[in-house]
Amino acid sequence: MKLRDTPSASPALWRSLPCPAAELRLDLVLPSGQTFRWRESSPGSWTGVLGGHVWTLRQERDRLWYTVYGGEAAAGADTDRLLREYFQLDVGLQELYRAWGAADPLFREAAKDFPGVRVLRQDPVECLLSFICTSNNHISRITAMIDRLCQAFGRRLCHLDAQPFHAFPSLTALTGADAEARLRALGFGYRAKFVSGTARAVTEGLGIEGLHHLRAVPYAEARRVLCALPGVGSKVADCVCLMALDKADAVPVDTHVWRIVRQRYGLELGGRSLTPRAHQEIGDFFRGLWGPRAGWAQAVLFCADLHKGRDLAGSRDRDKES
DNA sequence: GTACGGCCTCTGTC
DNA sequence: AGACAGAGGCCGT
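Residues numbered from 1 in each chain as written. Chains lettered and ligands numbered in written order. Predicted model: local features only at pLDDT ≥ 70, side-chain atom pairs only at ≥ 80, totals over all residues. Heavy atoms only, no water.

- Under an unreviewed UniProt entry, chain A has the name N-glycosylase/DNA lyase and belongs to Strigops habroptila.
- Turning to chain A, the UniProt annotation filed under Function (unreviewed entry) states: "DNA repair enzyme that incises DNA at 8-oxoG residues. Excises 7,8-dihydro-8-oxoguanine and 2,6-diamino-4-hydroxy-5-N-methylformamidopyrimidine (FAPY) from damaged DNA. Has a beta-lyase activity that nicks DNA 3' to the lesion."
- Its UniProt record gives chain A the following Sequence similarities (unreviewed entry) comment, quoted word for word: "Belongs to the type-1 OGG1 family." (UniProt positions renumbered as here; feature names shortened; annotations may be inferred.)

**Describing unusual backbone geometry**
Here is step 1: One non-glycine residue, R61, lies in the positive phi region at around 45°.
Here is step 2: Within the secondary structure layout, R61 lies in the loop between β4 (53-60) and β5 (63-68).
Here is step 3: The residue D62 is not glycine, and still its phi comes out positive at about 60°. (Helix = DSSP H or I, 4+ residues; strand = E, 2+ residues; numbered from the N terminus.)

**Describing the domain arrangement of chain A**
Here is step 1: Parsing chain A into structural domains produces domain 1 (11-90) and domain 2 (123-247).
Here is step 2: When each unit is reduced to the centre of its C-alpha atoms, the spacing between domain 1 and domain 2 is 22 Å.
Here is step 3: Tallying the contact residues gives 14 residues for domain 1 and 19 residues for domain 2.
Here is step 4: When the two sides are added together, the surface that domain 1 and domain 2 hide from each other amounts to roughly 1300 Å², 69% of it contributed by carbon and sulfur.
Here is step 5: At the boundary of domain 1 and domain 2, one finds one salt bridge.
Here is step 6: With a shortest N-O distance of 3.5 Å, D147 and R39 are connected by a salt bridge.
Here is step 7: Across the contact surface, domain 1 and domain 2 share one residue pair in polar contact (both at pLDDT 80 or more).
Here is step 8: Residues belonging to the side of domain 1 that touches domain 2 are distributed by class as follows: five nonpolar, seven polar and two charged. (Domains from an automatic or database assignment. Contact = heavy atoms within 4.5 Å. Buried area = accessible area lost by both parts, 1.4 Å probe. Salt bridge = Lys/Arg side-chain N within 4 Å of Asp/Glu carboxyl O. Polar contact = N/O pair within 3.5 Å; in protein donor to acceptor, adjacent residues only side chain to side chain. Nonpolar A, V, L, I, M, F, W, Y, C, P; charged D, E, K, R; others polar.)

**Observations concerning the pattern of salt bridges**
Here is step 1: In the structure shown here, the tally under the stated rule is 18 salt bridges.
Here is step 2: D238 is the salt-bridge partner of R223, the closest N and O atoms lying 3.0 Å from each other. In this pair, R223 sits in helix α10 (residues 219-227) while D238 sits in helix α11 (residues 234-244), placing the two residues 15 residues apart along the sequence.
Here is step 3: Judged by its relative accessible area of 18%, R223 falls in the buried class.
Here is step 4: Salt-bridge contacts for D305 lead to R259; the nearest nitrogen and oxygen are separated by 3.1 Å. (Buried < 20%, exposed > 50% of the residue type's maximum accessible area, 1.4 Å probe, protein only.)

**A look at the UniProt feature "domain: HhH-GPD" (unreviewed entry) in chain A**
Here is step 1: Feature annotation in UniProt assigns "domain: HhH-GPD" (unreviewed entry) to the following positions: residues 133-299.
Here is step 2: In residues 133-299, the share of helix is 56% and the share of strand is 5%. The end C-alpha atoms are 19 Å apart.

**Side note on the side chain of R191**
Here is step 1: Within the secondary structure, R191 sits in helix α8 (residues 191-204).
Here is step 2: The buried charged residue R191 lacks any salt bridge, with E180 as its nearest oppositely charged partner at 12 Å.
Here is step 3: Aside from chain neighbours lying at most four places away, what touches R191 is I132, C133, S135, N136, N137, R141 and M145. (Lys, Arg positive; Asp, Glu negative; His and termini not counted.)

**Concerning the protein's contact with DNA strand B**
Here is step 1: Surveying the vicinity of DNA strand B reveals the residues N136, S140, R141, R184, G187, G189, Y190, R191, S273, T275, R277 and R316.
Here is step 2: Take the atoms of DNA strand B that sit within 4 Å of the protein: sugar and phosphate atoms are 68% of them.
Here is step 3: At 3.5 Å, a side-chain N or O of N136 approaches a base nitrogen of DNA strand B.
Here is step 4: Residue composition of the surface near DNA strand B, grouped by class: one nonpolar, six polar and five charged. (Near = heavy atom within 4 Å.)

Okay, here's the thing in structure tokens:
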């Protein structure tokens, strides 16, 4: 199959939803470390795997355009709904930005150049296993690792211009006796034991349905269950709660957020290291500041922080060239 | 309850 | 070029 860049080339294969840029910015959300499965396949077009199919997404004129490969006949109301649920488009972002900004001048300042940053509603298995891989790691390497994970353990879906696309692996694909060794061979390091161990623990314990059921239990309980899995601590559990389990008040606290709290908010919460109590205190601080969707606001701040770092690196590169 | 070292490997930086 | 620190942490002590 051939990659489809834009609706104008083959309009019959594309559909669209109303979606202004203030509500969603693909270029800010998809590469910023919430998900590791989307690539900018050509300028402004994002190709990735969602719900067991390969999609290309594109924003034009206040609409979100999409095409699904291989399932052309199936594209319709169901794919509209899947996409709306993935991006949680029923949540009005502009109103939230206004409220967060009114409560917090620092948010207003940071968010000014980063509209349309929203939290995705991801598959719990994919989110859980992916974020186990994020410890002591960078987005660039995580992305490459997840890519290899899918190629090695995931079902092949199709080729686009000779490039293969794979589904995210099933839990059972990762419970084999040799899974850990294979993951190590793929460069997962000490995370290999955690990924295979969590796959096994979920399979033999609460099950996929039990994992999905965490969407219906309180945040504190979901967090407690997740933290019992190998390789899952406070930070990873909060990421999964926020991005897959409908806990909008979960605030993942990592070294970046901790630094922001100290430098920008001038707070010394939780002492010298990121102890469980520090996680709790910092999370409570942001929930008090931003309210019940504090995790969403944190995603905006994180995105702004990420780009600030990239911009600094970029200006240094330009300095070197001149 | 907190503090610390170790862990795999890679990337960015000097 | 080659070393080196630090990376969206977690676990055992």
